[in-house]
Amino acid sequence: MPAIPLEVPAMKVLRITRPGGPEVLAEEERPEPVPGPGEILVRVRASALNRADLLQLRGHYPAPPDVAPDVPGLEYAGEVVAVGPRARRFQPGDRVMGLVGGGAWSELLVTHEREAMPVPDGMDFADAAALPEAYLTAFDALVLQGELKPGETVLVHAVASGVGSAAALICRAMGARVVGTGRNAEKLARAADWGVARTVLCDTKPPRFADAVREATGGRGADLCLDLVGGGYVPETLDALAPRGRLMLVGLVAGTATEVNLGTVLTKRLRVTGTVLRSRPLEEKMALAQSAERHLLPLFRSGALRPVVDAVVPRSDIRQALERMASNDSVGKLVVRWA
């Protein structure tokens, strides 16, 4: 008697059918993943959008080798539905959020339990989905690597972005002063809500902001810069930094190449550090998530930190949300509800 084939549980994902814009996304059914040792299976309730997703759609930002190459999505919030062998931190029904190398645009995902963080009590899934990428990126760059100290002045480029607004709020919570730049005056006007002391409109090429930063700091310059832009912003940033200042280069939306005066780096004794999260080893990602859980989540519970959300849309509107992000009209994070 022939064996009766077992039906494999399926889930829905949004996949990239070919390189292009939001129009290349298509819904597809795939087998549900199974959590391995130390892993948890999460039902995704919301996922936020990132510029890395747009780059992946266009074929310019390939996923790490251990995740599906055609399903984008770097952050999620949802509830645990199953745990793998030796997983102890969470139980089915627990609400969690976190970063993944890809695959968050799906109904279910598997992640290591030590990469996940508990959703703060009273916070809904849409707000929770807006936290991981923005706040972990900003916290890692400013505090863990940039050695941010109370009383310092921090220059934040693209301060109205998701990471930029998170950085400004972290600085305010730590007693640091922020000078923020941006290309849109209307969006910059929102920065006062996050404790930004001074904003500079960068509507010229190359951008000019060093004089304004020096003016805001009594001629000294900024102690630390979170640069989410790169390109032509870098040489002006070096001029805007104080002696022994630190530049944390996180994004390159303005380009990967520029010319800098290395004499400025030497004479000011500046430190320039590049950093990314997606391609890091699992151990480093777990260490970052656990550090953020210890240091950031209490600030969300107290109200000192909060998600900055531009809009929350249903999954059916994800293409329009991606177009809004590509047009630079959003302030903070765009969140997609999955269920």
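Within every chain, residues take consecutive numbers counted from 1 along the sequence as written. Only residues with pLDDT of 70 or above have their local features reported here, since the model is predicted, and side-chain atom pairs are shown and tallied only from 80 upward, although totals for entire chains, interfaces and linings are computed over all residues. For the side-chain quantities, the full set of heavy atoms in the structure was used; hydrogens and water were omitted.

As recorded in an unreviewed UniProt entry, the chain goes by the name NAD(P)H-quinone oxidoreductase, listed as coming from Corallococcus macrosporus DSM 14697.

1. Considering the nonpolar core
Counting 54 residues, the largest nonpolar core has Tyr135 and Leu226 as its most contacted members. An automatic or database domain assignment is the source of the domain bounds shown. The two domains that each donate at least three residues to this core are domain 1 (10-48 + 77-132 + 308-337) and domain 2 (146-274). Not counting residues up to four positions away in its chain, the partners in contact with Tyr135 are Ala166, Leu169, Ile170, Leu296, Phe300, Leu305, Arg306 and Pro307. By nonpolar core is meant a set of buried Ala, Val, Leu, Ile, Met, Phe, Trp, Tyr and Cys residues that side-chain atoms within 4.5 Å join together. A 1.4 Å probe rolled over the protein chains alone gives each residue an accessible area, and that area as a share of the maximum for its type sets the label: buried under 20%, exposed over 50%, partly exposed in between. Counting 32 residues, the second-largest nonpolar core is a separate cluster that includes Ile16, Leu54, Val71 and Ala104. It only takes one pair of heavy atoms within 4.5 Å for two residues to be counted as in contact.

2. Things to note about the packing of helix α3 (residues 132-145) against helix α4 (residues 162-174)
Orientation is described by axes fitted as lines to C-alpha atoms, over the contacting stretch for helices, and by angles from 0 to 180 degrees between their N-to-C directions. Helix and strand assignments follow DSSP, with helices taken as H or I runs no shorter than four residues and strands as E runs no shorter than two, numbered in order from the N terminus. Relative to each other, α3 and α4 sit at 55 degrees, their axes nearing to 8 Å. Considering their axes alone, α3 and α4 lie oblique with respect to each other. Crossing of α3 against α4: the hand is right-handed. Every residue of α4 that contacts α3 at Glu133, Ala134, Tyr135, Thr137, Ala138, Phe139, Leu142 and Val143 is listed here: Gly162, Val163, Ala166, Ala167, Leu169, Ile170, Cys171 and Met174. Here the contact of α3 with α4 is composed, by residue class, of 13 nonpolar, two polar and one charged. Any angle between 65 and 115 degrees counts as roughly perpendicular, while under 35 counts as roughly parallel, over 145 as roughly antiparallel, and the rest as oblique. Should the near helix be turned counterclockwise from the far one by less than a right angle, the crossing is left-handed, whereas a clockwise turn marks it as right-handed. In this classification, the charged set is Asp, Glu, Lys and Arg, the nonpolar set is Ala, Val, Leu, Ile, Met, Phe, Trp, Tyr, Cys and Pro, and all remaining amino acids, among them Gly, are polar.

3. Side note on the packing of aromatic side chains
Ring geometry is summarised as follows: Phe, Tyr and Trp rings, the Trp one being its six-membered ring, pair when their centres sit within 6.5 Å, and such pairs are stacked at plane angles under 30 degrees, edge-to-face over 60 and tilted between the two. Counted according to the given criterion, the structure contains two aromatic pairs. Ring plane angle 80 degrees and centroid distance 4.8 Å describe the contact between Tyr135 and Phe300, whose orientation is recorded as edge-to-face. With Tyr135 in helix α3 and Phe300 in helix α10 (residues 297-302), the pair connects residues that are 165 residues apart, well separated along the chain. The burial state of Tyr135 is the same as that of Phe300; both residues are buried. Here the guanidinium or amino end of Arg278 rests over the ring plane of Tyr61, the centre of that ring lying 4.7 Å away. Note on criteria: charge over ring means Lys NZ or Arg CZ within 6 Å of the ring centre, with the direction from the centre no more than 35 degrees off the ring normal.

4. Regarding the sheet that holds strand β13 (residues 271-274)
Between any two strands, at least two bridges found by DSSP are needed for them to pair. Spatially, the six strands line up as an open sheet ordered β10-β9-β8-β11-β12-β13, and their pairing is parallel. A strand with exactly one partner marks an edge of an open sheet, and here the two such strands are β10 (198-201) and β13. Here the average twist between neighbouring strands, direction ignored, is 15 degrees. Each of β8 (153-156), β9 (177-182), β11 (222-227), β12 (241-249) and β13 is contacted by helix α7 (residues 233-240), which is oriented at about 150 degrees to β12, the strand it contacts most.

5. Digging into the UniProt feature "domain: Enoyl reductase (ER)" (unreviewed entry) in the chain
UniProt positions are given in the numbering used here, feature names are shortened, and annotations may be inferred rather than shown by experiment. As recorded in UniProt, the sites labelled "domain: Enoyl reductase (ER)" (unreviewed entry) are residues 20-336. As annotated, residues 20-336 comprises 30% helix and 26% strand, and the C-alpha atoms at either end are separated by 20 Å.

6. Some details on the domain arrangement of the chain
Its domain assignment divides the chain into domain 1 (10-48 + 77-132 + 308-337) and domain 2 (146-274). Between domain 1 and domain 2, the C-alpha centre-to-centre distance is 30 Å. Taken together, the contact pairs seven residues of domain 1 with nine residues of domain 2. We define buried area as the total accessible area lost by two parts upon association, computed with a 1.4 Å probe and summed across both. Counting each side, the surface lost to burial between domain 1 and domain 2 is near 580 Å², with a carbon and sulfur contribution of 54%. The largest contributions to the domain 1 side of the interface with domain 2 come from Val308, Asn328 and Val331, which together make up 72% of the buried area. One side-chain nitrogen of Lys or Arg within 4 Å of one carboxyl oxygen of Asp or Glu is enough to make a salt bridge. In this assembly, domain 1 and domain 2 are joined by zero salt bridges. In protein, a polar contact means a hydrogen-donor-capable atom and an acceptor-capable atom, both N or O and within 3.5 Å, with residues adjacent in sequence counting only if both atoms are side-chain atoms; elsewhere, any N or O pair within 3.5 Å suffices. On inspection of domain 1 and its partner domain 2, the count reaches three residue pairs in polar contact (both at pLDDT 80 or more). Residue composition of the side of domain 1 that touches domain 2, grouped by class: two nonpolar, three polar and two charged.

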